[in-house]
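Listed below, chain by chain, are the residues.
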Amino acid sequence: MQFIKNFKTIFIVLVLLLLLTPVAKSAEECFEKTSRAIFKFNMALDDVVLEPLAKGYNKLPSPIKTGTSNFTSNISTLLSIPNNILQGNLKQLGHSVGSFAVNSTVGILGFLNPAEKMGLKPHKEDVGQTLGSYGIGTGCYFVLPVLGPTTARDSLGLLADTFVDPFAHVTLREKELFSTSGNSLDYFSIKATSAVDFRADNETNFESLEKNSIDLYSSFKSIYLQDRENKIRNSIEDQDDWGNLDN
Amino acid sequence: MKRIVIYLVCLFLIFQNSLLAYSSNPRDFVEELVNDAITKLADKNLNKDQKAAFIEKIALENVDINALGLYTLGELRKSASKDNISNYKISFEKYFLKSLTSRLTDYSSSKFEIVSEDKKSANYTIVKSKIIPEDDGPEIKIDWRVYTKNPEKPLIRDLIVEGLSLARTQKEEFASILSSNDNDIKKLIEKIEEFVNN
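Residues numbered from 1 in each chain as written. Chains lettered and ligands numbered in written order. Predicted model: local features only at pLDDT ≥ 70, side-chain atom pairs only at ≥ 80, totals over all residues.

## Quick word on the interface of chain B and chain A
Next up, step 1: Listed per partner, the contact involves 29 residues of chain B and 22 residues of chain A.
Next up, step 2: Of all the elements in the fold, those that place two or more residues in the side of chain B that touches chain A are α4 (65-73), α6 (82-104), β3 (140-147), β5 (164-165), α7 (166-179) and α8 (185-197) of chain B.
Next up, step 3: The element contributing the most residues to the side of chain B that touches chain A is α7(B), with six residues.
Next up, step 4: Broken down by class, the residue content of the side of chain B that touches chain A amounts to nine nonpolar, eight polar and twelve charged. (Contact = placed C-beta atoms within 7 Å. Helix = DSSP H or I, 4+ residues; strand = E, 2+ residues; numbered from the N terminus. Nonpolar A, V, L, I, M, F, W, Y, C, P; charged D, E, K, R; others polar.)

See below:
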């Protein structure tokens, strides 16, 4: 009950943020000073918790790392299924459903990825991307504690994800689906493992970025926004904004 | 005899130059450049300084650092004074070379493959490539924005790694520094110099 009450408040705030910034450029900030302070906190947290975990994780034997990565990735495919339906993307829906079915069975609960060898390559889709595909702008940019960079649209999407994701339905809300049930600990364990897996995969990139950025906050912001644009377009086509910069 | 010596020296210089220069076709240009870099960076007989010197040399010859600097400055390049732009270009080149060498000297061996090329206009070709790490890691897609206004001398203007443009990231980083310093280019130059000298 408390969760629903809190959700309503956060939802209203986020909708207001989104509505108040309908023409905001992607670079515009909601509250930059606060975001920079939260970013500093997140980086400190990364230094103390996530980075050491990621370094340890990277020392694990390759089959364990790949298996873990496949397992969390397979579960996250569940969120893509309703979003593919909401986006009307039937081809991707086929990839997501097929991949989840094959990997959960033949792939031993998702630890292996035989679906990829069969040509099934599902894109990761979430509600933020679905809203983006409807033409809803990003709204303003800010940083969330622990969760990191986001925008008004994506944070609204993040909350909505917990309502459309079948995995969240089974774990967070403890409902039964196809005789499967779980609890919130399962949900947060998978999310935490995904975060460690992602951080471990990008260990060198994070180091390089930290070493070579004059303003690390802005670099993260730029990378986050570019990545979200690519995910909404489902492509990595180069955006030509060089104009007539001829020598 | 003197004529023959001059002739031989010229021949040697032309021959050596042709060894150093890369193809003018954008696809071959990127392939030759990257394979050359991979060979040198994987050479265990070269120390870090020698590798850094090599990276600097090929970057100065094959990357359009001047245009990249102007692009990353954004709209300010149109309103800033000539002196300030000139100082900025000097600082930017130092910054670019420092960050590039820092990124590449710790190179771990990978396989490089050109996937395709896409001619966008007379001035630009995007060369699509991928890097396959030898340590079983996931392959990385890299697109090279090659500037071909002079068809005889293509130049790299941007690298788009997994859809993330390095030039755009740099531009937005500088834009943020400028916006928190009243769009003062001198403050940006100060910050860049501070980074280079650290």
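## A short note on α6(B)
Residue and element names in this part refer to chain B.
Next up, step 1: The terminal C-alpha atoms of α6, which comprises 23 residues, lie 33 Å apart, in line with the 33 Å expected from a rise of 1.5 Å per residue.
Next up, step 2: Turning to α6, its buried residues number three or more, namely Tyr-88, Phe-92, Tyr-95 and Phe-96.
Next up, step 3: Against the buried residues of α6 lie α4 and α8. (Expected span 1.5 Å × (residues − 1). Buried ≥ 20, exposed ≤ 12 C-beta atoms within 10 Å, placed from the backbone.)

## Focus: the environment of Val146(A)
Residues and elements named next belong to chain A.
Next up, step 1: As for its position among the elements, Val-146 is in the loop between β1 (141-144) and β2 (148-151).
Next up, step 2: Sequence-wise, Val-146 and Leu-156 are ten residues apart; in three dimensions their C-alpha atoms are separated by 16 Å.
Next up, step 3: Those residues in contact with Val-146 that lie beyond four places of it in its chain are Asn-42 and Leu-45.

## Digging into α7(B)
Next up, step 1: For α7(B), which comprises 14 residues, the first-to-last C-alpha distance of 20 Å matches the rise-based estimate of 20 Å (1.5 Å per residue) to within 8%.
Next up, step 2: Those residues of α7(B) lying buried are Arg168(B), Thr169(B), Gln170(B), Glu172(B), Glu173(B), Phe174(B), Ala175(B) and Ser176(B).
Next up, step 3: Contacts from the buried residues of α7(B) go to α11 (216-233) of chain A together with α4, β5 and α8 of chain B.

## Thoughts on the packing of helix α3 (residues 62-87) of chain A against helix α9 (residues 184-201) of chain A
All names here are of chain A.
Next up, step 1: At a closest axis distance of 10 Å, the pairing of α3 and α9 adopts a crossing angle of 125°. Accordingly, the angle class assigned to the pair α3 and α9 is oblique. Between α3 and α9 lies a crossing whose hand is left-handed. Between α3, through Thr-68, Ser-69, Thr-72, Ile-75 and Ser-76, and α9, the contact on the second element is made entirely by Ile-190, Thr-193, Ser-194 and Asp-197.
Next up, step 2: Of the residues contributing to the contact of α3 with α9, the split by class is two nonpolar, six polar and one charged. (Axes fitted to C-alpha atoms, helices over the stretch in contact; angles between N-to-C directions. Parallel < 35°, antiparallel > 145°, perpendicular 65-115°, else oblique. Left-handed = near helix turned anticlockwise from the far one by under 90°.)

## Observations regarding the sheet that holds β5(B)
Residues and elements named next belong to chain B.
Next up, step 1: Across the sheet, which stays open at both edges, the five strands sit in the order β1-β2-β3-β4-β5 with antiparallel pairing between neighbours. Looking along the sheet, the strands with just one partner apiece sit at the ends: β1 (110-119) and β5.
Next up, step 2: Summarising the sheet, strand β4 (residues 155-161) and β5 pair through two bridges and their orientation is antiparallel. From the neighbouring strand, Ile-160 faces β5, where its bridge partner is Ser-165.
Next up, step 3: Against the sheet, helix α2 (residues 26-42) touches β1, β2 (124-133) and β3, its axis set at about 165° to β1. (Pairing = 2+ DSSP bridges.)

## A few points about the environment of Gly139(A)
Next up, step 1: Looking at the element boundaries, Gly139(A) is found in the loop between α6 (127-133) and β1.
Next up, step 2: Residues Gly139(A) and Pro149(A), spaced ten residues apart in sequence, show a C-alpha to C-alpha distance of 13 Å.

## What to know about the packing of helix α2 (residues 32-58) of chain A against α9(A)
Residue and element names in this part refer to chain A.
Next up, step 1: The geometry of α2 relative to α9 is characterised by a closest axis approach of 8 Å and an angle of 75° between their N-to-C directions. With respect to α9, the axis of α2 lies roughly perpendicular. In this structure, α2 contributes Leu-50, Glu-51, Leu-53, Ala-54, Tyr-57 and Asn-58 to the contact, and α9 contributes Ala-195, Val-196, Arg-199 and Ala-200.
Next up, step 2: Of the residues contributing to the contact of α2 with α9, the split by class is seven nonpolar, one polar and two charged.

Nothing here speaks to function; it is geometry throughout.
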